[in-house]
Amino acid sequence: QSALTQPASVSGSPGQAITISCTGTSSDVGGYNYVSWYQHHPGKAPKLMIYEVSNRPAGVSNRFSGSKSGNTASLTISGLQAEDEADYYCSSYTSSSTLYVLFGGGTKLTVL
Amino acid sequence: QVQLVESGGGLVKPGGSLRLSCAASGFSFSDYYMTWIRQAPGKGLEWVSYISFSSNTIYYADSVKGRFTISRDNAKKSLYLQMNSLRAEDTAVYYCARVYSTSGYAFDFWGQGTMVTVSS
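Anyway, here's the lowdown on the structure attached to this text. Everything numeric in this text was worked out from a predicted model, so none of it was measured.

Rules and cut-offs
- Counting restarts for each chain: residues are numbered from 1 in the order of the written sequence.
- The order in which chains are written sets their letters, starting at A; the order in which ligands are written sets their numbers, starting at 1.
- Confidence filtering applies because this is a predicted model: local features only for residues at pLDDT of at least 70, side-chain atom pairs given and counted only at 80 or more, and all residues used for totals across whole chains, interfaces and linings.
- Where side-chain values are given, they derive from all heavy atoms of the structure, hydrogens and water being excluded.
- Two residues form a contact once any of their heavy atoms are found within 4.5 Å.
- By buried area we mean the combined loss of accessible area, with a 1.4 Å probe, across both parts when two parts are placed together.
- Between Lys or Arg on one side and Asp or Glu on the other, a salt bridge is scored when a side-chain nitrogen of the former is within 4 Å of a carboxyl oxygen of the latter.
- Here a polar contact is recorded for every N or O atom pair within 3.5 Å, except that within protein the pair must consist of a potential hydrogen donor and a potential acceptor, and residues adjacent in sequence are included only if both atoms are side-chain atoms.
- Labels follow the DSSP assignment, with helices taken as runs of H or I lasting at least four residues and strands as runs of E lasting at least two, numbered in each case from the N terminus.
- Under the scheme applied here, ten amino acids are nonpolar (Ala, Val, Leu, Ile, Met, Phe, Trp, Tyr, Cys and Pro), four are charged (Asp, Glu, Lys and Arg), and all others, including Gly, are polar.
- When a residue's accessible area, from a 1.4 Å probe over protein chains only, is under 20% of the maximum for its type it is buried; when over 50% it is exposed; and in between it is partly exposed.
- Centres within 6.5 Å make a pair out of two Phe, Tyr or Trp rings, where for Trp the six-membered ring is used; the pair is then stacked when the planes are under 30 degrees apart, edge-to-face when over 60, and tilted otherwise.
- Distance and angle both matter: a charge sits over a ring if NZ of Lys or CZ of Arg is within 6 Å of the ring centre and within 35 degrees of the ring normal.
- Here, nonpolar core refers to any group of buried Ala, Val, Leu, Ile, Met, Phe, Trp, Tyr and Cys residues whose side-chain atoms link them within 4.5 Å.

Quick look at the interface of chain B and chain A now. Taken together, the contact pairs 24 residues of chain B with 22 residues of chain A. Both faces combined, the contact of chain B with chain A buries some 2,000 Å², and carbon together with sulfur accounts for 66% of it. Of all residues in chain B, the largest losses of buried area upon contact with chain A belong to Leu45(B), Trp47(B) and Tyr105(B), amounting jointly to 35% of the total for that side. Taken together, chain B and chain A are joined by 0 salt bridges. Linking chain B to chain A there are 5 residue pairs in polar contact (both at pLDDT 80 or more). Mapped by element, the contributors of at least two residues to the side of chain B that touches chain A are β4 (34-39), β5 (45-51), β9 (92-99) and β10 (107-110) of chain B. The greatest single-element share of the side of chain B that touches chain A, amounting to 4 residues, is contributed by β5(B). Taken together, the residues that form the side of chain B that touches chain A break down as 13 nonpolar, 7 polar and 4 charged.

This is the structure we're talking about:
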């Protein structure tokens with residue numbers, strides 16, 4: 001089964017807002033509200049930013065928000081800051097009998 | 001604070017074996033499902049395996065089924081991944097992660113990973 005589809009890279013200037021998309025199918029993103037987003041600074045432990053499409057764990061800035069429409073989920077980061085520069089991965093529960101969770105290929109966010 | 005520390009990675013020849021460990025601290029380990037996730041060089045994340053509180057429920061990705069075995073020792077607060085019949089495509093950073101209790105399909109704490117290289 002193919003990974004979820006994310007853009008390879010996005011960029012924005014400090015203070016701006018950016019959106020990262022994550023496209024799947026009706027067997028994963030479109031069929032269930034179990035989309036999560038992770039921030040990964042290379043060499044460090046990935047960090048959960050959003051779970052169940054739009055929920056933030058305690059301690060995550062409200063500059064991070066999630067949404068979903070059809071088979072595409074989105075992560076929006078508002079008020080971009082230098083420390084937001086990282087790789088971002090989406091994931092989703094999948095009804096595939098051979099998998100439990102499917103990840104996206106990752107998006108490199110560059111803060112200009 | 002919650003900490004997950006992986007160990008056991010290294011260089012191994014194709015067909016060889018390796019056992020990864022993940023030491024947990026800062027939380028009640030036996031109350032959480034745990035998982036292994038990997039990232040091949042230059043690639044995205046890939047879920048590998050999942051184990052329930054008491055090891056009653058275990059899942060594997062097709063790519064490792066029959067070759068990898070996940071296990072846990074709640075008394076030692078440790079998670080393991082026994083990897084046999086290793087292939088070049090198993091080369092990756094392996095992360096252990098805690099399954100978020102609020103949502104069974106998210107992972108709220110991860111380790112920093114241990115590198116496994118399969119090469120002759």
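Moving on from the model shown.
All chains considered together, the criterion is met by 6 salt bridges over all chains. The salt bridge partner of Arg63(A) is Asp84(A), with a shortest N-O separation of 2.8 Å. Remark: Asp84(A) occurs in the loop between β6 (72-77) and β7 (86-93) and Arg63(A) occurs in the loop between β4 (47-50) and β5 (64-69); sequence separation between them is 21 residues. Taken as a pair, Arg63(A) and Asp84(A) share a single burial class, namely buried. Close ionic contact of Asp62(B) with Lys65(B) constitutes a salt bridge, the shortest N to O distance being 3.2 Å. Because the salt bridges share partners, they merge into one network encompassing Arg38(B), Glu46(B), Arg67(B) and Asp90(B).

With that settled, the discussion passes to the side chain of Ser91(A). Along the chain, Ser91(A) turns up in strand β7. If sequence neighbours within four positions are ignored, Ser91(A) has contacts with Leu4(A), Tyr34(A), Val35(A), Ser36(A), Tyr38(A), Val101(A), Leu102(A), Phe103(A) and Tyr105(B).

A word on the packing of aromatic side chains. The final tally for this structure, using the stated rule, is 23 aromatic pairs over all chains. It is Arg98(B) that lies over the ring of Tyr32(B); its NZ or CZ is 3.9 Å from the centre.

This part is about the nonpolar core. Judged by nonpolar contacts, the single largest core of 27 residues is most densely connected at Trp36(B), Phe68(B), Leu79(B), Leu81(B), Met83(B) and Tyr94(B). Of all the secondary structure elements, the ones that give two or more residues to this core are β3 (18-25), β4, β5, β7 (68-73), β8 (78-83), β9 and β11 (114-118) of chain B. A per-element tally of this core places β3(B) first, with 4 residues. Once you skip the residues sitting within four places of it in the chain, Met83(B) turns out to touch Gly16(B), Ser17(B), Leu18(B), Leu20(B), Arg67(B), Phe68(B), Tyr94(B) and Val116(B). Listed in part, the 23 residues of the second largest apolar core include Val29(A), Val53(A), Ala73(A) and Tyr88(A).

All names here are of chain A. With respect to the element layout, Gln39 can be found in strand β3 (residues 35-40). Assessed through its relative accessible area of 9%, Gln39 is described here as buried. Here Tyr88 takes part through its side chain, which lies 2.9 Å from a polar atom of the side chain of Gln39. Discounting chain neighbours no more than four positions away, the residues touching Gln39 are Ala45, Pro46, Lys47, Met49, Phe64, Glu83, Asp84, Ala86, Asp87 and Tyr88.

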